[in-house]
Amino acid sequence: MRSYRYVICKEHDGMRVQDYLKQVHGYSRRNIIKLKQLPTGLVLNGSRIRTVDLLHLGDVLETSFPDDKRTPTAVEADPGILVYEDDDVMVLDKPPFMPVHESKRHQEDTLANLFAGICAQRRQSLSFRPINRLDRDTSGLVVAAKNSHYASILWKSVKKEYLAVVCGVPPQNYYRIEAPIARKEDSLIERYVSDKGQSALTHCLVISRGKGYSLCRVRIETGRTHQIRVHMAYLGYPLAGDTLYGEDQRWINRHALHCYVAQFPDLSRKHNREVFSPLPQDFLTLMECAGLTLQQPMPDFPVQTL
């Protein structure tokens, strides 16, 4: 069970419980209703309280979320896959060629199964709530909330950045790609740039140029399916190894995309937490073959993209 404890200050004296939770701490309406229905979900100064009751200076309000009952099939996980954890979140480093979620074809070989394996070792029962999702062949960080309240806090708060190797040598250092993305009518998977699609915005910064390839930092402001892959192909520089939107697969047998940094709010310390993932070996081999280098510190994006 995960509990949160709040001491009411003068600024919030006289607020209703439901307004305080929603406006001050970002609780969703759904979670407030769920807490109201639990015997110890909402407690004020040691006694159960209603959501319409008023709070006063010095009151101690506690909310409690019970452990979940349903989890995916547990599979033993390599300890290195868990790169960060606190009371509210786990950050997992997903290897390439692994789906995030279970499906008909993938029952015990997904990131969800490894998450369940970590929980099983600790005798915990937690639902797998990934805030960001990666394609099967994309490697890197996936942020998973441990309870529904923190999931609602993180939903639009996680910021991610990717490293990508693209085919070709773009002449500019920075590209802002704003082009809507739609699913092709004759495909369940493939996407393309179309006026009929959903808005999508990608920022791309070229940080190294090599033998017909370039290394890029990529940020996305929207989360469309295959967004980076589609936008880079639309720009004329498809990802190396991407046979769906390009042709080159000389030195890597997957699209060369890695989520290497994730930033998200840390509720306990009142600041943002930043977690990094090292580049996997196939990505490093590709960079070496293509004559690309990762200089530190990396060149930064223009100020207006932050």
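Quick summary incoming for the structure in this document. As the structure is a computational prediction, the values presented were derived from the model and not from experiment.

1. A closer look at the overall build of the protein chain
Then step 1. Within the protein chain one finds six helices and 16 strands.
Then step 2. Here the protein chain holds 306 residues, and 51% of them are scored as buried.
Then step 3. Long-range pairs, those at least 24 residues apart, make up 66% of the contacts in the protein chain with a sequence separation of at least 6.
Then step 4. Counting every atom, the protein chain has about 16000 Å² of accessible surface; 48% of that belongs to carbon and sulfur.
Then step 5. A gap of 5 Å separates the mean positions of the 41 positive and 35 negative side-chain charges of the protein chain.

2. Overview of the environment of Gly210
Then step 1. Among the secondary structure elements, Gly210 is positioned in the loop between strand E13 (201-209) and strand E14 (213-220).
Then step 2. Along the primary structure Gly210 and Pro39 are separated by 171 residues, whereas in three dimensions their C-alpha atoms are 62 Å apart.
Then step 3. Apart from residues no more than four positions distant in its own chain, Gly210 is found in contact with Val169, Ala290, Gly291 and Leu292.

3. Structural notes on the nonpolar core
Then step 1. Of all hydrophobic cores here, the largest spans 63 residues; its most connected members are Leu21, Leu154 and Phe264.
Then step 2. In terms of residue count, helix H3 (residues 111-121) provides more of this core than any other element does, six residues in total.
Then step 3. The contacts of Leu154, once residues within four sequence positions are left out, are Val89, Ile131, Val143, Ala145, Phe264 and Pro265.
Then step 4. Among the nonpolar cores identified, the runner-up in size contains 21 residues, and Tyr174, Leu215, Val261 and Ala290 belong to it.

4. With respect to the packing of aromatic side chains
Then step 1. Tallied over the full model, the rule gives eight aromatic pairs.
Then step 2. Seen from their ring centres, Tyr6 and Tyr20 are 6.1 Å apart, and the 75° between their planes marks the pair as edge-to-face. Residue Tyr6 is located in strand E1 (residues 2-7), and its partner Tyr20 is located in helix H1 (residues 17-25); the two are separated by 14 residues in the primary sequence. Taken individually, Tyr6 and Tyr20 each receive the classification buried, so the pair is uniform in this respect.
Then step 3. Pairing Tyr27 with Phe65 gives two aromatic rings, centres 6.2 Å apart and planes at 25°, and the pair type is stacked. Note that Tyr27 is positioned in the loop between H1 and helix H2 (29-37) and Phe65 in strand E4 (residues 60-65), a separation of 38 residues in sequence. Across the pair, Phe65 and Tyr27 agree in class, each one buried.

5. Considering a nonpolar patch on the surface
Then step 1. There is a patch of nonpolar side chains on the surface, built from Leu188, Ile189 and Leu244 and spanning about 320 Å² of accessible area.
Then step 2. Turning to its location among the elements, Leu244 is positioned in the loop between helix H5 (227-235) and strand E15 (257-266).
Then step 3. You can call Leu244 partly exposed: its relative accessible area is 32%.

6. A word on the side chain of Asp86
Then step 1. Along the chain, Asp86 falls in the loop between strand E5 (82-85) and strand E6 (89-94).
Then step 2. Of the buried charged residues, Asp86 lacks a salt bridge, with Arg273 as the closest side chain of opposite charge at 5.4 Å.
Then step 3. Separated by 3.0 Å, the side chain of Asp86 and the backbone nitrogen of Val89 make a polar contact.
Then step 4. Ignoring anything within four residues of it in the chain, the contact list for Asp86 reads Lys146 and Asp266.

7. Some words on the pairing of E4
Then step 1. Where burial is concerned, most of E4 is hidden: five out of the six residues are buried.
Then step 2. Bridge count for E1 against E4 is six bridges, and the pairing is antiparallel. The residue bridging Tyr4 from the neighbouring strand is Thr63, located in E4.
Then step 3. Note that strand E2 (residues 42-44) and E4 share three bridges and pair antiparallel. Across the sheet, the residue bridging to Leu44 is Leu61, located in E4.

8. Things to note about H1
Then step 1. Among the residues of H1, those classed as buried are Val17, Tyr20, Leu21 and His25. Buried residues of H1, viewed axially, fall in a sector of 95°; they line one side. Those residues of H1 that are exposed and aimed more than 90 degrees away from the buried face are Lys22 and Gln23.
Then step 2. One or two steps after H1, the chain reaches Gly26, where phi turns positive at roughly 75°.

9. Description of unusual backbone geometry
Then step 1. Geometrically, the link from Gln296 to Pro297 is a cis peptide bond, its omega value of -5° lying close to zero.
Then step 2. Within the fold, Pro297 resides in the segment after helix H6 (281-290).
Then step 3. The phi dihedral of Phe97 falls on the positive side, at around 70°, and the residue is not glycine.
Then step 4. Turning to its location among the elements, Phe97 is positioned in the loop between E6 and H3.

About the criteria used
Residues numbered from 1 in each chain as written. Predicted model: local features only at pLDDT ≥ 70, side-chain atom pairs only at ≥ 80, totals over all residues. Heavy atoms only, no water. Helix = DSSP H or I, 4+ residues; strand = E, 2+ residues; numbered from the N terminus. Buried < 20%, exposed > 50% of the residue type's maximum accessible area, 1.4 Å probe, protein only. Contact = heavy atoms within 4.5 Å. Areas by Shrake-Rupley, 256 points an atom, 1.4 Å probe, with all protein chains shown as cover. Lys, Arg positive; Asp, Glu negative; His and termini not counted. Charge placed at Lys NZ, Arg CZ, Asp CG, Glu CD. Core = buried A, V, L, I, M, F, W, Y, C linked by side-chain atoms within 4.5 Å. Phe/Tyr/Trp six-rings, centres within 6.5 Å; stacked < 30°, edge-to-face > 60°. Patch = residues over 30% accessible without salt bridge, like charges linked within 9 Å, V, L, I, M, F, W, Y side chains within 5 Å. Salt bridge = Lys/Arg side-chain N within 4 Å of Asp/Glu carboxyl O. Polar contact = N/O pair within 3.5 Å; in protein donor to acceptor, adjacent residues only side chain to side chain. Pairing = 2+ DSSP bridges. Arc of directions from axis to C-beta.

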